[in-house]
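Chain by chain, the residues:
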Amino acid sequence: MLKRVLQDVLSEEENEQLISAFDQIGDIIIVRIPDSLVSKKQIIGKTLLEQVSTANSIFYQSSPVEGDYRTRKLEVIAGEDKTQTEYKENGCRFIVDVEKAFFSPRLSTERERIAGLVKDGEVMINMFGGVGMFSLLAAKNTSCTVYNIDLNPVAAQLCKENAQINKLKGEVISLNGDATKVINEQLTGKADRILMLLPERSDEFLDSALNGLKNNGVIHYYSHMHADKKQDAPKLSEEHFMSVNKTNAEIITSRNVRPVGPRFYQTVVDVKISKS
Ligand SMILES: C[S@@+](CC[C@H](N)C(=O)[O-])C[C@H]1O[C@@H](n2cnc3c(N)ncnc32)[C@H](O)[C@@H]1O
């Protein structure tokens with residue numbers, strides 16, 4: 001849709017280069033612009049602002065998602081220079097700050113899948129929970145308890161606020177700190193289910209996840225996998241999990257979550273761990 005808006009100011013070839021380069025989050029649009037088109041960023045911004053009635057701010061993403069907090073640098077190219085907005089998904093409202101805390105609208109299918117798996121009475125630890133997207137959606141209609149841990153104080157504060165502004169059947173408890181430390185100090189052996197959505201570093205945190213898990217609990221183990229064929233990535237991620245796992249693990253399922261580069265996929269393996 002946003003591509004069509006730009007057809008009067010960019011050539012067809014230039015417009016092609018912007019494929020999947022847009023995200024609209026509330027009233028903010030973020031555009032990733034290839035080097036060849038950076039000189040046109042102002043006109044791209046101005047056109048998007050004029051043509052998209054629901055947008056108040058247009059940002060150019062000037063860095064990849066990076067650092068411990070998985071955030072990105074943004075430069076305003078049109079409209080208001082504010083990075084906080086409200087985003088709605090599946091009946092929940094989220095205050096997000098698109099520059100100061102990780103947020104991706106592209107994980108909504110995975111969020112819905114996880115919310116559908118959580119059962120009444122469950123305890124879930126969301127080790128890298130960000131502003132609470134997965135946690136709140138899981139607790140929206142299920143009377144579970146979710147510990148949403150994040151190292152980034154801005155993400156933890158927004159999660160706390162998000163838990164307050166939504167009517168939830170369950171409970172979301174926001175904890176600011178390193179996941180390993182928080183689990184060791186407060187949550188050892190507490191969880192029926194653990195989410196590990198820091199795909200670049202899952203191997204490093206697997207022991208901490210196991211420490212937080214009850215016997216027969218489930219881990220959702222996210223990875224980034226290279227694969228020539230998309231359909232091979234889930235199987236490769238299962239093999240990868242089994243190569244780092246030292247426990248009695250039963251793989252329940254695996255799937256592609258989203259593409260993250262050419263022949264590069266974010267995957268998830270759901271695995272049940274027996275501690276006996
Ligand atoms: C890829 S983001 C996922 C956020 C969230 N699950 C979501 O989908 O919106 C990873 C998050 O892990 C947090 N993080 C990084 N290192 C961490 C650590 N050692 N302990 C806890 N959180 C950490 C980052 O601040 C970031 O918010």
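Model, not experiment: these values are computed from the prediction.

Some remarks on the site of the ligand
Around the ligand, a shell composed of 20 residues is seen, among which D68, F128, D150, D178 and A179 lie nearest. Note that a nitrogen atom of the ligand is positioned 2.7 Å from one of the side-chain N or O atoms of D178. Interatomic distance of 2.9 Å between a backbone N/O atom of A179 and a nitrogen atom of the ligand. For the ligand, whose accessible area on its own is 600 Å², the fraction buried by protein is 98%. Class assignment for the residues of the shell around the ligand results in 12 nonpolar, 4 polar and 4 charged.

Describing the sheet that holds strand β2 (residues 28-31)
One open sheet accounts for 4 strands, arranged β1-β2-β3-β4; its pairing is mixed. Across the chains shown, the open sheet's two edge strands, defined by having one partner strand only, are β1 (22-25) and β4 (74-79). Strand-to-strand twist in this sheet, taken as the mean axis angle between neighbours without regard to direction, amounts to 25°. Pairing of β1 with β2 involves 4 bridges; the strand directions are antiparallel. Looking across to β2, one finds that I25 is bridged to I28. Strand contacts of helix α3 (residues 41-51): β1, β2, β3 (57-61) and β4, with the helix running at about 55° to β4, the strand carrying the most contacts.

Some remarks on the UniProt feature "domain: SAM-dependent methyltransferase TRM5/TYW2-type" (unreviewed entry) in the protein
Taking the numbering used here, the UniProt-annotated feature "domain: SAM-dependent methyltransferase TRM5/TYW2-type" (unreviewed entry) corresponds to residues 22-275. Taken end to end, residues 22-275 is 29% helix and 36% strand, and its first and last C-alpha atoms sit 44 Å apart.

Digging into the nonpolar core
Grouped together as the largest cluster of nonpolar side chains are 36 residues, with contacts concentrated most on F94 and Y222. For this core, the secondary-structure elements that each account for two or more residues are β2, β6 (92-97), α5 (133-140) and α6 (153-165). No other element matches α5, which puts 6 residues into this core. When residues of this core are sorted by domain, at least three fall in each of domain 1 (2-82) and domain 2 (103-274).

Things to note about the environment of F241
Here F241 shows up in helix α9 (residues 233-244). With a relative accessible area of 0%, F241 lands in the buried category. Contact partners of F241, with chain neighbours within four places excluded, come to L206, Y221, A249, V271 and I273.

Quick word on the pattern of salt bridges
Scanning all chains against the criterion turns up 20 salt bridges. Between R113 and E110 there is a salt bridge, with the nearest N and O atoms lying 3.0 Å from each other. A residue pair is termed a helical-turn pair when its members lie 3 or 4 positions apart in one helix, as R113 and E110 do in helix α4 (residues 108-117) at 3 residues. Each member of the pair R113 and E110 is classed as buried. The network of salt bridges with common partners includes E110, R113, R255 and D270.

A short note on the sheet that holds strand β9 (residues 171-176)
Spatially, β9-β8-β7-β10-β11-β13-β12 is the arrangement adopted by the 7 strands of the open sheet, whose pairing is mixed. Of all strands in the sheet, those with a lone pairing partner are β9 and β12 (248-261), marking the two edges. Neighbour to neighbour, the strand axes of the sheet diverge by 15° on average, direction disregarded. In the sheet, β12 pairs with strand β13 (residues 264-274) via 11 bridges, with the strands oriented antiparallel. Residue S254 lies in a different strand from β13, and its bridge partner there is V269. Against the sheet, helix α7 (residues 179-187) touches β7 (123-126), β8 (145-150) and β9, its axis set at about 140° to β8.

What to know about the packing of α7 against helix α8 (residues 202-212)
When two helices pack together, their arrangement is captured by the angle between the axes and the distance separating the axes. Relative to each other, α7 and α8 sit at 20°, their axes nearing to 9 Å. Relative to α8, the element α7 is oriented roughly parallel. Seen along the crossing, α7 lies across α8 with a hand that is left-handed. Between α7 and α8, the residues in contact are T180, I183, N184 and L187 and F205, S208, N211 and G212, respectively.

Here's the deal with the domain arrangement of the protein
As far as domains go, the protein holds domain 1 (2-82) and domain 2 (103-274). Here domain 1 and domain 2 have C-alpha centroids that lie 30 Å from each other. Each partner contributes residues to the interface: domain 1 has 10 residues there, and domain 2 has 9 residues. Surface buried jointly by domain 1 and domain 2 totals about 760 Å² across both partners, of which 50% is contributed by carbon and sulfur atoms.

Parameters and conventions
Residues numbered from 1 in each chain as written. Predicted model: local features only at pLDDT ≥ 70, side-chain atom pairs only at ≥ 80, totals over all residues. Heavy atoms only, no water. Near = heavy atom within 4 Å. Polar contact = N/O pair within 3.5 Å; in protein donor to acceptor, adjacent residues only side chain to side chain. Areas by Shrake-Rupley, 256 points an atom, 1.4 Å probe, with all protein chains shown as cover. Nonpolar A, V, L, I, M, F, W, Y, C, P; charged D, E, K, R; others polar. Pairing = 2+ DSSP bridges. Helix = DSSP H or I, 4+ residues; strand = E, 2+ residues; numbered from the N terminus. Axes fitted to C-alpha atoms, helices over the stretch in contact; angles between N-to-C directions. Contact = heavy atoms within 4.5 Å. UniProt positions renumbered as here; feature names shortened; annotations may be inferred. Core = buried A, V, L, I, M, F, W, Y, C linked by side-chain atoms within 4.5 Å. Buried < 20%, exposed > 50% of the residue type's maximum accessible area, 1.4 Å probe, protein only. Domains from an automatic or database assignment. Salt bridge = Lys/Arg side-chain N within 4 Å of Asp/Glu carboxyl O. Parallel < 35°, antiparallel > 145°, perpendicular 65-115°, else oblique. Left-handed = near helix turned anticlockwise from the far one by under 90°. Buried area = accessible area lost by both parts, 1.4 Å probe.

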